[in-house]
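Letter by letter, the chains look like this.
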Amino acid sequence: MQLRQVISLFFILFVFVGCDTSLMVQGSGVLRDASRRFELRNGNRTVVYIPMRHLGTRVYYDQIQRAVDSLQHSGYVVFYESIAYRVDSAAQRDLYDRKFRKLTGNRLGLQQCIEIPGDTSRVLRAPMYRKLGQRIISQPDYSFFLVNYETAVNADIPKNKLLDEFEYLYGTINLDDCDYKTPLQEPYSCKPIKAALKNKFDKEFVMKKREENLASLVADAPQQKILILFGTSHFKGFLRNLQARDPKWIQIK
């Protein structure tokens, strides 16, 4: 690894210390501009999976933008990742935010890492960007990738539903005075939830349930051509679940 990459990696780990370990590991590839893709087939149906990273260079995201635009013009429908809330009020969202923070042991930064792409439009459009070299930016909103929202499918599970299902199985996430008094954007130092419960949420809900949901939607979808924009770490679990439903799905690329 070149010295510049090593320095950049340590900078990323320092700045994004609020994000979880899996994200920081993903961050080790943020300087690689070439976007990857996996291709699956089952008879006349085709799935292209572009693994997304929450951090990357402008060149990396530009390449994905061109790929999305080209594939949509070829008839592909986008299935995208977003665990954005579906709640009725700001008060509900605030409560879920505090429960999520209690469960993960992090400030709101972790939520932003896995919930929705960041608003980096000002950085992306800045005329001075050409002079920034390998500057790392957050994943842009899907509109940057020219996703056609009229046909696109949110192939994810809302975060409030994930938390509700977790509490149904493992009990209520109890908040104390520290949880309520600590602003969501401030460093979090309240008593964390048990490590075993935190690990269950990460493995069973953040990973497994979302991968099962994506595989189910793809397997039952009427579309013949599907383009998936989803996190890098979810591909293996998605493929395993898809092939469990129908072994005829094969990876050709």
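Above this text is the structure in question.
## Regarding the overall build of the protein
Part 1 of the reasoning: When helices and strands are tallied, the protein shows 10 helices and 8 strands.
Part 2 of the reasoning: Scored against the burial criterion, the 253 residues of the protein give a buried share of 47%.
Part 3 of the reasoning: Long-range pairs, those at least 24 residues apart, make up 76% of the contacts in the protein with a sequence separation of at least 6.
Part 4 of the reasoning: Total accessible area computed for the protein in this model is approximately 13,600 Å², and 53% of it derives from carbon and sulfur atoms.

## Concerning the side chain of Gln72
Part 1 of the reasoning: Secondary-structure assignment places Gln72 in helix H3 (residues 58-73).
Part 2 of the reasoning: You can call Gln72 buried: its relative accessible area is 17%.
Part 3 of the reasoning: In contact with Gln72, not counting residues within four places along its chain, are Val78, Leu146, Val147 and Asn148.

## So, the pairing of strand S1 (residues 38-42)
Part 1 of the reasoning: Counting buried positions along S1 yields 4 of 5 residues, so the element is predominantly enclosed.
Part 2 of the reasoning: Pairing analysis gives 5 bridges linking S1 to strand S2 (residues 45-52), with the strands arranged antiparallel. Bridge pairing in S2 links Arg41 to Thr46.
Part 3 of the reasoning: Following S1, the chain reverses through 2 residues before pairing antiparallel with S2; Gly43 in that reversal takes a positive phi of roughly 65°.
Part 4 of the reasoning: The pairing of S1 with strand S8 (residues 250-251) spans 2 bridges and is classified as antiparallel. Residue pairing in the sheet places Arg41 in a bridge with Ile250 of S8.

## Quick look at the environment of Phe38
Part 1 of the reasoning: The residue Phe38 is located in strand S1 in this model.
Part 2 of the reasoning: By relative accessible area, which is 12% here, Phe38 ends up buried.
Part 3 of the reasoning: Sequence separation between Phe38 and Phe235 is 197 residues, and the spatial gap between their C-alpha atoms is 8.8 Å.
Part 4 of the reasoning: Discounting chain neighbours no more than four positions away, the residues touching Phe38 are Val47, Val48, Tyr49, Pro51, Phe235, Gln251 and Lys253.

Thresholds applied
Residues numbered from 1 in each chain as written. Predicted model: local features only at pLDDT ≥ 70, side-chain atom pairs only at ≥ 80, totals over all residues. Heavy atoms only, no water. Helix = DSSP H or I, 4+ residues; strand = E, 2+ residues; numbered from the N terminus. Buried < 20%, exposed > 50% of the residue type's maximum accessible area, 1.4 Å probe, protein only. Contact = heavy atoms within 4.5 Å. Areas by Shrake-Rupley, 256 points an atom, 1.4 Å probe, with all protein chains shown as cover. Pairing = 2+ DSSP bridges.

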